[in-house]
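A closer look at the structure
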Amino acid sequence: MCLAIPALLVELRPNDQAVVNLGGIRKEISIALVADVQVGDYVIVHVGHAIGVIDPEEAERTLALFAEMAQSLETATGAAT
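Residues numbered from 1 in each chain as written. Predicted model: local features only at pLDDT ≥ 70, side-chain atom pairs only at ≥ 80, totals over all residues. Heavy atoms only, no water.

Examining the overall build of the chain
Counting secondary structure elements, the chain contains one helix and five strands. Helices and strands in the chain line up, N terminus first, as β-β-β-β-β-α. A principal-axis box enclosing the C-alpha atoms of the chain has dimensions of 50 × 25 × 20 Å. Every one of the 81 residues in the chain was classed for burial, and the buried ones make up 27%. Considering only contacts in the chain between residues 6 or more positions apart, those separated by 24 or more positions represent 33%. Surface exposure of the chain reaches about 5,500 Å², of which carbon and sulfur atoms provide 58%. Charge separation in the chain, taken as the distance between the mean sites of 4 positive and 11 negative side-chain charges, equals 7 Å. (Helix = DSSP H or I, 4+ residues; strand = E, 2+ residues; numbered from the N terminus. Buried < 20%, exposed > 50% of the residue type's maximum accessible area, 1.4 Å probe, protein only. Contact = heavy atoms within 4.5 Å. Areas by Shrake-Rupley, 256 points an atom, 1.4 Å probe, with all protein chains shown as cover. Lys, Arg positive; Asp, Glu negative; His and termini not counted. Charge placed at Lys NZ, Arg CZ, Asp CG, Glu CD.)

Written as structure tokens, this is what we have:
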């Protein structure tokens, strides 16, 4: 199974590189596979590469679902110990 997650593009760098914000963590990625991205866009990131641009509302919904799943996992793990 592969996982790609939405991330907010916060900085463009030379040589098709950029910095994204992943839940407060800044990570450098390649943007070579996507055209015309700009700071403020949400991109789908898979293994360090932006593979597409996503609508901001869809990105927020997806990130909210990930947060909900993480909270559920923490609750289940805490309840099991």
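So, the environment of Leu 22
Within the secondary structure layout, Leu 22 lies in strand β2 (residues 17-22). Linking Leu 22 and Leu 63, residues 41 residues apart in sequence, is a C-alpha distance of 9.5 Å. The contacts of Leu 22, once residues within four sequence positions are left out, are Ile 5, Pro 6, Ala 7 and Lys 27.

Honestly, that's just the spatial picture; any functional story needs more than this.
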